[in-house]
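Chain residues, written in single-letter form:
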Amino acid sequence: MASVSAPALAQAKRLVIKIGSALLVDQGGLRADWLRSLAADVAALRARGTGVVIVSSGSIALGRRVLGLAGGTLPLEQSQAAAAVGQIRLARAYEEVLGPHDVSTAQVLVTLEDTADRRRYLNSRATLETLLGLGVVPIVNENDTVATDEIRFGDNDRLAAQIAVTIGADQLLLLSDVDGLYTANPKTDPSAEHLPVIEHITPEIEAMAGDPVSGLSKGGMKTKLLAAKVAVAGGCAMAIAEGFADHPVGALEQGGRCSWFLPEGDPQAARKRWIAAMKPRGELFVDEGAANALRSGKSLLPAGVTKIVGRFGRGDPVTIAGPDRAVLGKGLVRYTGDEARLIAGHRSGEIEEILGYPGRAALIHRDDMVVG
């Protein structure tokens, strides 16, 4: 299974780091020294040009201590109350450790609905893209204070994988209380072998997953394998590494043990395949100038649109056709059909005057489009 080489963190252009609760919080509270060492690692990544997003557990673990809630599984309403209290402390902690490195942070709270609904998905993606472009490190967590059982990710492993695919990250690092995948549970089976590289997630690989080993962590190896499926299908390599020691990312770069799951293609190609497979809800016709711009990799601006067919919402897939009615491609539109009809043929600078609010310059951004 290790017949091919593992990816290197130094090659990552965009890296999502997931922090497990057991690493961030212990029986004494927040592990402040460890968090400062992680901040130094993140600052080093940022200094060499890597965009970093942190998906952090820990809000409920921090909040339940403040509220004096008992150990074990909490009822949903108590979990939400603990999250509301702990989330403030969690965000402040990241701000305080990254600030001295001149790294700005932002808090981003999401639910499963935000990635399942295309309109919310585009909003989340645009926000994260903008933050990364401004050099900010987003701190992402599930919005436990409003999520119901029906709209929860349920664990931050899968949330991290979804965020990685959303932003087109090329690597995802799950820092946890285990140093990777074994053929069996190493705590109970001394013959268990560590797997450094997994090329394909087969039924045999899935059968090796065990249960959570920490009282603070909700996710075990099963959830990590589910996360790996999402990540690799989106073109993102994923590593599982033990992160208790200081400078966990630096330790991994220096040869620390982990398990890498290899991606299926690259993130951009995976995204294009996803868009191409969608059923279109409408059709946009463009002039020759816009058609040429699309062929050269540009976004579709309202000025180049000559006709709009169909009823569609924001984030829906639409077909793009040239002046000869030949299909040029498909994309996720950033306006509703009614809005698009109002701004079609107009310059982007006129959008606010027409719609009454500042909109996005592109009708379809090039990253949300497949041409050809």
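Residues numbered from 1 in each chain as written. Predicted model: local features only at pLDDT ≥ 70, side-chain atom pairs only at ≥ 80, totals over all residues. Heavy atoms only, no water.

### Quick word on the pairing of strand β6 (residues 137-142)
Step number 1: Most of β6 sits inside the fold, with 6 of its 6 residues counted as buried.
Step number 2: Alternating positions in β6 separate into two faces, Val-137, Ile-139 and Asn-141 on one and Pro-138, Val-140 and Glu-142 on the other, with burial throughout.
Step number 3: Here 2 bridges tie strand β4 (residues 51-56) to β6, and the two strands are oriented parallel to one another. Looking at β6, one finds that Val-55 is bridged to Val-140.
Step number 4: In the sheet, strand β5 (residues 105-110) pairs with β6 via 6 bridges, with the strands oriented parallel. For Val-108, the partnering residue across the bridge sits in β6 and is Val-140. (Buried < 20%, exposed > 50% of the residue type's maximum accessible area, 1.4 Å probe, protein only. Helix = DSSP H or I, 4+ residues; strand = E, 2+ residues; numbered from the N terminus. Pairing = 2+ DSSP bridges.)

### What about the UniProt feature "binding site: substrate" (unreviewed entry) in the protein chain?
Step number 1: The residues that UniProt annotates with the feature "binding site: substrate" (unreviewed entry) are Ser-57, Asp-144 and Asn-156.
Step number 2: Along the chain, Ser-57 falls in the loop between β4 and α3 (59-67).
Step number 3: On the secondary structure map, Asn-156 appears in helix α7 (residues 156-166).
Step number 4: In contact with Asn-156, not counting residues within four places along its chain, are Lys-18, Val-55, Ser-56, Ser-57, Asn-141 and Glu-142. (UniProt positions renumbered as here; feature names shortened; annotations may be inferred. Contact = heavy atoms within 4.5 Å.)

### Structural notes on the UniProt feature "binding site: ATP" (unreviewed entry) in the protein chain
Step number 1: Following the UniProt record, one finds the feature "binding site: ATP" (unreviewed entry) at Lys-18, Ser-176 and Asp-177. Taking the farthest pair of C-alpha atoms as the criterion, the annotated set spanning 160 residues converges on one region, since that pair is 11.9 Å apart.
Step number 2: With respect to the helices, strands and loops of the structure, Lys-18 is situated in strand β1 (residues 14-19).
Step number 3: Overall, the relative accessible area of 5% leaves Lys-18 in the buried class.
Step number 4: Each residue touching Lys-18, except ones within four places of it in the same chain, is listed here: Val-55, Ser-57, Asn-156, Asp-157, Ala-160, Leu-173, Leu-174 and Leu-175.
Step number 5: Within the local environment of Lys-18, its side chain forms a polar contact with the side chain of Asp-157, the two groups lying 3.0 Å apart.
Step number 6: With respect to the helices, strands and loops of the structure, Asp-177 is situated in the loop between β7 (171-176) and β8 (181-182).
Step number 7: Overall, the relative accessible area of 18% leaves Asp-177 in the buried class.
Step number 8: At 3.0 Å, the side chain of Asp-177 forms a polar contact with the side chain of Ser-176. (Polar contact = N/O pair within 3.5 Å; in protein donor to acceptor, adjacent residues only side chain to side chain.)

### Considering the packing of aromatic side chains
Step number 1: By the definition in use, this model includes 1 aromatic pair.
Step number 2: Plain terms: the ring middles of Tyr-121 and Trp-274 are 5.4 Å apart, the flat faces sit at 65 degrees to each other, and that makes the pair edge-to-face. Of this pair, Tyr-121 sits in helix α6 (residues 118-133) while Trp-274 sits in helix α11 (residues 267-276), placing them 153 residues apart in sequence.
Step number 3: Note on Trp-274: relative accessible area 36%, which makes it partly exposed.
Step number 4: In this structure, Lys-307 packs its charged tip against the face of Phe-285, placed 5.6 Å from the ring centre. (Phe/Tyr/Trp six-rings, centres within 6.5 Å; stacked < 30°, edge-to-face > 60°. Lys NZ or Arg CZ within 6 Å of the ring centre and 35° of its normal.)

### Some details on the environment of Ser-104
Step number 1: Looking at the secondary structure, you find Ser-104 in the loop between α4 (76-98) and β5.
Step number 2: For Ser-104, a relative accessible area of 44% translates into the label partly exposed.
Step number 3: Sequence separation between Ser-104 and Val-136 is 32 residues; the distance between their C-alpha atoms is 5.0 Å.

### A word on unusual backbone geometry
Peptide bonds are trans in most cases, and residues, glycine excluded, mostly fall at negative phi.
Step number 1: Here Asp-102, not a glycine, exhibits a phi torsion of approximately 60 degrees, which is positive.
Step number 2: If you trace the backbone, Asp-102 turns up in the loop between α4 and β5.
Step number 3: The exposure class of Asp-102 is exposed, given its relative accessible area of 75%.
Step number 4: Its identity is not glycine, yet His-247 carries a phi of approximately 50 degrees, on the positive side.
Step number 5: Structurally, His-247 can be placed in the loop between β11 (237-242) and α10 (248-253).

### Observations concerning the sheet that holds strand β13 (residues 282-286)
Step number 1: The strand order across the open sheet formed by 5 strands is β14-β13-β15-β16-β17, and the pairing between neighbours is mixed. For this open sheet the edge positions go to β14 (305-309) and β17 (369-371), each flanked by a neighbour on one side alone. On average, adjacent strands in this sheet sit at an angle of 20 degrees to one another, irrespective of strand direction.
Step number 2: Here 3 bridges tie strand β16 (residues 327-332) to β17, and the two strands are oriented antiparallel to one another. Of the residues in β17, the one forming a bridge with Gly-329 is Val-371.
Step number 3: The sheet strands contacting α11 are β16 and β17, and the helix crosses β16 at an angle near 100 degrees. (Axes fitted to C-alpha atoms, helices over the stretch in contact; angles between N-to-C directions.)

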